[in-house]
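# Coordinate inspection notes
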2 protein chains.
Amino acid sequence: MAKDKYHDIVKSALESDGWEITDDPLKIETGDRTIQIDLGAERVIGAEKGGEKIAVEIKSFLGLSPLTDFYNALGQFNFYQLALEKVEPNRALFLAVPHIAYYSFFKETLTKEAVKRFNVRIIVYHIQKAIIIKWEK
Amino acid sequence: MAKDKYHDIVKSALESDGWEITDDPLKIETGDRTIQIDLGAERVIGAEKGGEKIAVEIKSFLGLSPLTDFYNALGQFNFYQLALEKVEPNRALFLAVPHIAYYSFFKETLTKEAVKRFNVRIIVYHIQKAIIIKWEK
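What you see is a predicted model, and the numbers here were worked out from it, not measured in a lab.

Calculation rules
Residues numbered from 1 in each chain as written. Chains lettered and ligands numbered in written order. Predicted model: local features only at pLDDT ≥ 70, side-chain atom pairs only at ≥ 80, totals over all residues. Helix = DSSP H or I, 4+ residues; strand = E, 2+ residues; numbered from the N terminus. Rg over C-alpha atoms; globule rule 2.2 N^0.38 Å. Buried ≥ 20, exposed ≤ 12 C-beta atoms within 10 Å, placed from the backbone. Contact = placed C-beta atoms within 7 Å. Axes fitted to C-alpha atoms, helices over the stretch in contact; angles between N-to-C directions. Parallel < 35°, antiparallel > 145°, perpendicular 65-115°, else oblique. Left-handed = near helix turned anticlockwise from the far one by under 90°. Nonpolar A, V, L, I, M, F, W, Y, C, P; charged D, E, K, R; others polar. Arc of directions from axis to C-beta. Pairing = 2+ DSSP bridges.

### Remarks on the overall build of chain A
- In terms of regular secondary structure, chain A is built from four helices and eight strands.
- In chain A, the order of α-helices and β-strands from amino to carboxyl end is α-β-β-β-β-β-α-β-α-α-β-β.
- Since a compact globule built from 137 residues should have a radius of gyration of about 14 Å, the 14 Å found for chain A is in line with a globular shape.
- With respect to the three principal axes, the spread of C-alpha positions in chain A is 35 × 30 × 30 Å.
- Taken across its 137 residues, chain A has 39% of its residues classed as buried.
- Here the contacts in chain A between residues at least 6 apart in sequence split such that 62% fall between residues at least 24 apart.

Listed below in structure tokens is the structure:
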């Protein structure tokens with residue numbers, strides 16, 4: 001499945017960047033629900049490097065509409081952010097997006113404003129090279 | 001399609017409540033993009049009653065996972081909210097959810113916290129009766 005291919009690309013890119021993948025998926029147990037692999041949603045993974053811990057929401061932006069893909073990415077990011085603040089406030093959440101989406105849809109005015117308002121941290125990954133090309137914190 | 005059935009139920013319920021459906025879909029033109037019927041996303045409609053204007057994001061919560069449906073609903077709500085503030089700041093945005101989802105998934109702790117943090121206004125509709133049973137502003 002194409003989604004899984006992108007998932008593996010990001011994991012490999014993070015490892016090349018010196019990160020250890022510690023959780024796949026990253027489970028967050030809080031309140032009434034264990035948040036992990038939700039049907040239809042893409043998996044969030046956990047990684048660590050020199051004591052720094054991050055959570056990465058991997059998105060492929062392979063859908064028919066980048067806007068619909070973004071609704072899903074943003075909603076998941078906002079929800080996970082809330083959950084992480086409760087259980088692991090020191091683990092920063094990132095949204096991993098492929099370079100093609102980053103240099104098109106993410107350059108639009110409203111997208112940039114949404115990213116800013118909701119404090120979406122971004123990791124840009126290159127699909128063919130399987131490397132991280134940009135971190136936006 | 002089931003999604004369209006729910007769409008019609010909400011329109012009918014709003015009309016029974018004295019609202020006039022003015023836009024279906026509600027188009028928002030801002031910046032680089034006209035936001036309207038996005039592939040895969042459910043339509044947002046516009047309604048008016050005694051000079052008050054609202055936008056309603058209709059969700060069926062028919063998916064396999066309420067959490068995945070909620071990611072999409074929340075992301076779309078947050079994005080539309082941002083766009084509406086720019087072009088029609090007096091039009092309040094509501095998320096319409098069926099009573100079954102409201103009295104189960106929306107009663108969970110994290111869901112309630114997300115609704116509160118992102119100022120999600122909710123309209124609860126009864127599927128069989130096709131009426132609005134609750135407004136949460």
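And the narrative resumes.
### Notes on the packing of helix H4 (residues 109-117) of chain A against helix H2 (residues 66-87) of chain B
- Interhelical geometry of H4 of chain A versus H2 of chain B gives an angle of 115 degrees and a closest axis separation of 10 Å. Here H2 of chain B runs roughly perpendicular to H4 of chain A, going by the angle between their axes. In terms of crossing hand, the pair formed by H4 of chain A and H2 of chain B is right-handed. Along its contact with H4 of chain A, which presents Leu-110, Glu-113, Ala-114 and Arg-117 of chain A, the element H2 of chain B presents Asn-78, Phe-79, Leu-82 and Ala-83 of chain B.
- Residue classes in the contact of H4 of chain A with H2 of chain B are distributed as five nonpolar, one polar and two charged.

### Considerations on helix H4 (residues 109-117) of chain B
Residue and element names in this part refer to chain B.
- Along H4, the positions that sit buried rather than exposed are Leu-110, Thr-111 and Ala-114. For H4, the angular spread of buried residues about the axis comes to 100 degrees, placing them on one side. Exposed and oriented more than 90 degrees from the buried face of H4 are Thr-109, Lys-112 and Lys-116.
- Phi turns positive, to about 50 degrees, at Asn-119, one or two residues after H4.

### What about the pairing of strand S4 (residues 44-49) of chain B?
Residue and element names in this part refer to chain B.
- The pairing of strand S1 (residues 20-23) with S4 spans three bridges and is antiparallel. When the sheet's bridge partners are listed, Asp-23 is paired in S4 with Gly-46.
- As judged from the six bridges shared by S4 and strand S5 (residues 52-58), these two strands associate in the antiparallel manner. Looking across to S5, one finds that Gly-46 is bridged to Ala-55.
- What sits between the antiparallel neighbours S4 and S5 is a turn of two residues, in which Gly-50 has the positive phi angle 50 degrees.

### Overview of the sheet that holds S1 of chain B
All names here are of chain B.
- One open sheet accounts for six strands, arranged S1-S4-S5-S6-S7-S8; its pairing is mixed. Sheet topology places S1 and strand S8 (131-136) at the edges, where each strand pairs with a single neighbour. Within the sheet, the average angular offset between the axes of one strand and its neighbour, ignoring direction, is 35 degrees.
- One ladder, built from five bridges, connects strand S7 (residues 121-126) with S8; its direction is antiparallel. Pairing of Val-124 across the sheet is with Lys-134, part of S8.

### Here's the deal with the sheet that holds strand S4 (residues 44-49) of chain A
Residue and element names in this part refer to chain A.
- Read from one edge to the other, the open sheet built from six strands follows the order S1-S4-S5-S6-S7-S8, with strand pairing classed as mixed. Each edge of the open sheet carries a strand with a single partner, namely strand S1 (20-23) and strand S8 (131-136). On average, each strand axis in the sheet is tilted by 35 degrees relative to the strand beside it, whichever way the strands run.

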